[in-house]
Amino acid sequence: MPSLQCASSSIIGDQAITFNTQGSVFIIMQIVSVRQVLGGEIPTGTEVTVQGWVRTRRDSKAGFSFIHINDGSCFANLQLVADQALANYENGILRLTSGASVSCRGTVVESRGRGQNVEIQAAEIDIPGLVEDPDHYPIQPKHHSYEFLRTVAHLRPRTNTFGAVTRIRHVAARAIHDFFDRNGYFWVNTPIITASDAEGAGQMFRVSTLDLVNPPRTDEGKIDFGEDFFGRETFLTVSGQLNVEAFCLAMSKVYTFGPTFRAENSNTARHLAEFWMVEPELAFADLGDLATLAEDFLKFVFKQVLERCPDDMAFFAERVEPEAIARLENLIDSPFVRMEYSEAIDILQASGKKFEFKPEWGIDLQTEHERFLTEQHCKAPVVVMNYPDEIKAFYMRLNDDGKTVAAMDVLAPGIGEIIGGSQREERLAVLRSRMAQHELDEATYSWFLDLRRYGTVPHAGFGLGFERLLNYITGLSNIRDVIPYPRTPGNASF
RNA sequence: UCCCCGGUAGCUCAGCUGGUUAGAGCGGGUGACUGUUAAUCACUAGGUCGUUGGUUCGAAUCCGACCCGGGGAGCCA
């Protein structure tokens, strides 16, 4: 609290702290977090209450026990020293096992052991909940496989790994909002329920209140969605882009950040049926502006995570991906590699590598191609720009060459496509002809076409998979390990 | 959805060219010891070997089907 220099008092959660003009701290109520104690915010000699869950307990026959607790506030555990003189020592403290909850009143003291600067000399340890059946409690102080932890998604927040993931996820989300806020973007909450299929970005989940067993039928015997809740077929959104474009052409700089749904039968470490997507859209901008935005954006988020989560990142570097910190630092310091799609194809063809799919102008880049470019050729994230129009969506802007569109993908080592974006086709006539090519019904998109009729401007935007970003930051390789409750084909447990 | 690999104690795994009572480490319990650090040492409990059919005198082990998980691919963020 050194930054607080004038007399003041504040209440944060359950604690009330009063400061005098000299900066001394008087604590009235003293429920504090492990982070505050270990961070040196609480002077030694102060009586406090700390609360959390037991990680390990060790007993000394000299008549006391060491209890390590974690409350999620930070990576590190706090050591409680419990003397046998405590009233519930025999019946309570000696029965503490991993996972039990404790509330401890005690004094912050300098530690007499190594491994921590301070610890709590307990005066009283309340135990709201022991672990029943401790020999079957799944979370032990040892290595667990990620596969196993997914089967206990309700308990894995208690592990080092998932605690770190949760804190980093929070900080990254905050950083995303901060980045856009500082750069004049407005957060637009686009609808979750939608009647339009955004460019066929993927299979959609149907939203309906019809009786599935006996639905109303039209005269032709088809299901009568006119009788459905919204009077038409509706789905969960696969992208907020089309909706946010309308706000872009009024607010200039906007973004969405929310859940997105894809009913694809994708069984990979990179796909979820429910994930969070960030979609900025900026007016009066071209593809180059967009690539710059993507780069600035990623660098800002990475920087924030490194600054605010050093302990968590150190853990991932030590246990998961040795390069986790170094590669973020390198990325922050160096410009992204940008290349034309045509150039990427040339590089792949000249590489002499044997690919399962032969790189040829006109095909979409395969995972093996992306990996070569990011992991071997550039050893850095790569922005590939201007793809053949046949392999990209209808709304992407047709380039003057007539055969490519102003699309870009940001590819990250180990993850593949982390961002996909484009400059949008703002010319009404061109957009209509591209819609015709894609056999899209103009009536469905009439409002989207209006945006080109009434004060159209060049604009561009991208989509970023939030969980893929977290995979890249943490080095965790499976997308199911960076979201609290993963939804994948055949699995909606918890 | 396709290709490959796997499912043995609460967890991580060994055992699998078929053959007595299926093992280890961690975790749990008991005890010893210690300002301890995923402590250490001793003892101990704990398993219908994914499910289901089949081959065989005999199956954790071989074969089929199914379920679940992992890796890779496609689709994409």
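For clarity, every value in this text was computed on a predicted model and none was experimentally measured.

**Describing the confidence of the model for chain A**
Residue-level pLDDT values for chain A average 89, and 93% of them are 70 or greater. Per-element mean pLDDT across chain A ranges from 45 in strand 1 (residues 8-12) up to 98 in strand 10 (residues 186-187). Segment residues 1-13 is flagged for pLDDT under 50; beyond a separation of four residues in sequence, or across chains, it makes 23 contacts in the model.

**Details of the protein's contact with RNA strand B**
For RNA strand B, the set of nearby residues contains 52 residues, the closest of which are Arg58, Arg114, Pro141, Lys142 and Thr268. Separating a base nitrogen of RNA strand B from a side-chain N or O atom of Glu119 is a distance of 2.3 Å. A distance of 2.2 Å is found between a sugar or linking oxygen of RNA strand B and a side-chain nitrogen or oxygen belonging to Arg468. For the surface near RNA strand B, the elements supplying multiple residues, two or more each, are strand 5 (47-60), strand 6 (64-70), strand 7 (78-83), helix 2 (146-151), strand 15 (274-283), strand 19 (416-423) and strand 20 (459-465). For the surface near RNA strand B, the class distribution of residues is 13 nonpolar, 23 polar and 16 charged.

**What about unusual backbone geometry?**
Here the phi dihedral of Phe284 falls at roughly 55 degrees; this positive angle occurs in a residue that is not glycine. With respect to the secondary-structure elements, Phe284 resides in the loop between strand 15 and helix 5 (287-308). Given a relative accessible area of 63%, Phe284 falls into the exposed group. Although it is not a glycine, Lys379 adopts a positive phi angle of roughly 55 degrees. By the secondary structure assignment, Lys379 is in the loop between helix 9 (367-377) and strand 17 (382-388). Among the residues examined, Lys379 registers a relative accessible area of 64% and is labelled exposed.

**Observations concerning the sheet that holds strand 15**
Strand order in the open sheet formed by eight strands is 10-14-15-20-19-18-17-16, and the pairing between neighbours is mixed. Because the sheet does not close on itself, it has two edges, and the strands there are strand 10 and strand 16 (337-340). Both strand 15 and strand 20 contribute to a ladder of five bridges, which runs antiparallel. By the bridge assignment for strand 20, Glu281 is matched with Gly461. Of the strands in this sheet, strand 14 (253-261), strand 15, strand 18 (404-412), strand 19 and strand 20 are in contact with helix 12 (residues 466-474), which crosses strand 20 at around 60 degrees.

**Concerning the nonpolar core**
The biggest cluster of nonpolar side chains holds 62 residues, and the ones touching the most others in it are Phe297, Met408 and Leu469. Among the elements that make up this core, the one with the highest residue count is helix 5 (12 residues). Membership of the second largest hydrophobic core comes to 31 residues, among which are Leu80, Ile120, Tyr137 and Ile139.

**Considering the side chain of Thr374**
Mapped onto the secondary structure, Thr374 falls in helix 9. Residue Thr374 is classed as buried on the basis of its relative accessible area of 2%.

**So, the packing of aromatic side chains**
Counting across every chain of the model gives 22 aromatic pairs. Taking the centre distance of 4.8 Å and the plane angle of 75 degrees together, the rings of Phe229 and Phe230 count as edge-to-face. When its relative accessible area of 59% is taken as the criterion, Phe229 is described as exposed. Relative accessible area serves as the criterion here: at 42%, Phe230 is assigned to the partly exposed category. Taken together, a centroid distance of 5.7 Å and an interplanar angle of 80 degrees make the contact between Tyr341 and Trp361 edge-to-face. Here Tyr341, found in helix 8 (residues 341-350), pairs with Trp361, found in the loop between helix 8 and helix 9; they are 20 residues apart in sequence, far enough to count as distant. Judged by its relative accessible area of 35%, Trp361 is partly exposed. In this structure an aromatic cluster arises from ring pairing among Phe179, Phe180, Tyr185, Tyr255, Phe297, Phe300 and Phe462. Looking at Lys392, its charged tip hangs above the ring of Tyr387, at a distance of 4.3 Å from the centre. Positioned above the aromatic ring of Phe448 is the side chain of Arg452, whose terminal nitrogen or guanidinium carbon lies 4.1 Å from the ring centre.

Conventions adopted
- For every chain, the first residue of the written sequence is number 1, and numbering continues from 1 onward in sequence order.
- Whichever chain is written first becomes A and whichever ligand is written first becomes 1, with later ones labelled in order.
- pLDDT decides what is reported in this predicted model: residues at 70 or higher carry local features, side-chain atom pairs at 80 or more are listed and counted, and totals for whole chains, interfaces and linings draw on all residues regardless.
- Values shown for side chains rest on all heavy atoms present in the structure; no hydrogens or waters enter the calculation.
- pLDDT gives the predictor's per-residue confidence on a scale running from 0 to 100.
- Starting at the N terminus, helices and strands are each numbered in turn, a helix being any DSSP run of H or I of at least four residues and a strand any DSSP run of E of at least two.
- Any two residues whose heavy atoms approach within 4.5 Å are treated as being in contact.
- The rule for a residue being near a molecule or strand is that one of its heavy atoms must lie within 4 Å of it.
- Counting of polar contacts relies on pairs of N or O atoms within 3.5 Å, with two restrictions inside protein: one atom must be capable of donating a hydrogen and the other of accepting it, and residues adjacent in sequence are counted only when both atoms are side-chain atoms.
- Under this grouping Gly is polar, as are all residues other than the nonpolar Ala, Val, Leu, Ile, Met, Phe, Trp, Tyr, Cys and Pro and the charged Asp, Glu, Lys and Arg.
- Three labels apply to residues, based on accessible area from a 1.4 Å probe with only protein chains included: buried if under 20% of the type maximum, exposed if over 50%, partly exposed otherwise in between.
- We treat two strands as partners when DSSP finds at least two bridges between them.
- An axis is simply a line fitted to the C-alpha atoms; with a helix, the fit covers only the stretch in contact. Between two such axes, the angle follows the N-to-C directions and lies from 0 to 180 degrees.
- By nonpolar core we mean a set of buried residues, namely Ala, Val, Leu, Ile, Met, Phe, Trp, Tyr and Cys, connected to one another through side-chain atoms within 4.5 Å.
- Two aromatic rings from Phe, Tyr or Trp, using only the six-membered ring of Trp, form a pair when their centres are within 6.5 Å; if the ring planes differ by under 30 degrees the pair is stacked, by over 60 it is edge-to-face, and anything between is tilted.
- Each ring is checked for a lysine NZ or an arginine CZ that lies within 6 Å of its centre and within 35 degrees of its normal; such an atom marks a charge sitting over the ring.

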